[in-house]
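Structural overview for review
The chain contents come next:
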Amino acid sequence: AQSVTQLDSQVPVFEEAPVELRCNYSSSVSVYLFWYVQYPNQGLQLLLKYLSGSTLVKGINGFEAEFNKSQTSFHLRKPSVHISDTAEYFCAVSRGAAGNKLTFGGGTRVLVKP
Amino acid sequence: DVKVTQSSRYLVKRTGEKVFLECVQDMDHENMFWYRQDPGLGLRLIYFSYDVKMKEKGDIPEGYSVSREKKERFSLILESASTNQTSMYLCASSSPRLAGYEQYFGPGTRLTVT
């Protein structure tokens, strides 16, 4: 069975500072990896995804993530955050052969302070 | 613009009531999902459907049932609502035709059972 661990439940950060959100997963098969963002009172929106190829993936709104197979990690980064990045972020992994289902981490709440 | 809509943003029901949550997608997706979202637990899969009239249990199906009579519509049913079903419910859709089976989410229904 797969599992996804987001190591920080909350991350406070000042505006224009960098941020890193950590995600580790366990899986015995090849996976696809995703980061989703949930703004207040909204559904989830895809930030970026890793399917294959380059381990550095660029997404929307200046976010990027790096896939590290040996460490089974998929950490999300942004070099300079804005107030509008205040949201909850979810890491997710596809379930291998049952590729149409996702397993989600517990979420990381990012609060950007002025 | 792709769209997943849910019938209600907020719902208040009494213990023991039968509750219907409706989800509609306009992307001709084969797969549809129901999740519940609770603080610190991320999203947990309740049921999913990979075709009309087809359904499969997710990780937490107890107390729920689903119906998919048309491709675009997926309903979640709480036969007898209980207070521990107070939660945010999110619907999503995807297709095997999409790279990585990316899921598209609705805005969510916040259900309170009193």
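Here the structure is shown first, and the text comes after it.
Remember, it's a predicted structure, so these values are computed and weren't measured experimentally. (Residues numbered from 1 in each chain as written. Chains lettered and ligands numbered in written order. Predicted model: local features only at pLDDT ≥ 70, side-chain atom pairs only at ≥ 80, totals over all residues. Heavy atoms only, no water.)

Once that is clear, we can look at the overall build of chain A. Regarding its fold elements, chain A presents 0 helices and 12 strands. Each helix (α) and strand (β) of chain A, taken in turn from the N terminus, gives the series β-β-β-β-β-β-β-β-β-β-β-β. Along the first, second and third principal axes, the C-alpha set of chain A runs to 45 × 30 × 20 Å. Sorting the 114 residues of chain A into buried and exposed places 49% on the buried side. Considering only residue pairs separated by 6 or more positions, chain A has 55% of its internal contacts joining residues 24 or more positions apart. For chain A, the computed accessible surface area is about 5400 Å², with 51% contributed by carbon and sulfur atoms. Placing the 10 positive and 8 negative side-chain charges of chain A at their respective mean positions leaves the two points 10 Å apart. (Helix = DSSP H or I, 4+ residues; strand = E, 2+ residues; numbered from the N terminus. Buried < 20%, exposed > 50% of the residue type's maximum accessible area, 1.4 Å probe, protein only. Contact = heavy atoms within 4.5 Å. Areas by Shrake-Rupley, 256 points an atom, 1.4 Å probe, with all protein chains shown as cover. Lys, Arg positive; Asp, Glu negative; His and termini not counted. Charge placed at Lys NZ, Arg CZ, Asp CG, Glu CD.)

Before going further, it helps to examine unusual backbone geometry. Despite not being glycine, A:Thr72 has its phi angle at roughly 45 degrees, a positive value. Relative to the helices and strands, A:Thr72 is located in the loop between strand E8 (64–68) and strand E9 (73–78). What makes A:Thr72 partly exposed here is its relative accessible area of 27%. Positive phi outside glycine occurs at B:Asp28, with the angle close to 60 degrees. Mapped onto the elements of the fold, B:Asp28 is located in the loop between strand E3 (19–25) and strand E4 (31–38). Under the relative-accessibility criterion, B:Asp28 is labelled partly exposed at 46%.

The partner chain A presents 21 residues to the 24 residues of chain B that form the contact. Regarding the contact of chain B and chain A, the summed buried area is about 1800 Å², with carbon and sulfur atoms giving 53% of it. Inspection of the chain B/chain A interface yields 2 salt bridges. A salt bridge links B:Glu56 to A:Lys101; the shortest N-O distance between them is 3.3 Å. Linking chain B to chain A there are 5 residue pairs in polar contact (both at pLDDT 80 or more). Taken together, the residues of the side of chain B that touches chain A break down into 12 nonpolar, 8 polar and 4 charged. (Buried area = accessible area lost by both parts, 1.4 Å probe. Salt bridge = Lys/Arg side-chain N within 4 Å of Asp/Glu carboxyl O. Polar contact = N/O pair within 3.5 Å; in protein donor to acceptor, adjacent residues only side chain to side chain. Nonpolar A, V, L, I, M, F, W, Y, C, P; charged D, E, K, R; others polar.)

A few words now on the pattern of salt bridges. In the structure shown here, the tally under the stated rule is 14 salt bridges over all chains. Its salt-bridge partner being A:Lys49, residue B:Glu102 comes within 3.2 Å of it at the nearest N-O pair. In this pair, B:Glu102 sits in the loop between strand E9 (87–94) and strand E10 (104–105) while A:Lys49 sits in strand E6 (residues 44–50), so the two residues belong to two different chains. Given a relative accessible area of 11%, B:Glu102 falls into the buried group. On the basis of relative accessibility, which here comes to 26%, the residue A:Lys49 falls in the partly exposed class. Of the charged contacts in the structure, one is a salt bridge between A:Lys78 and A:Asp85, with a shortest N-O distance of 2.8 Å.

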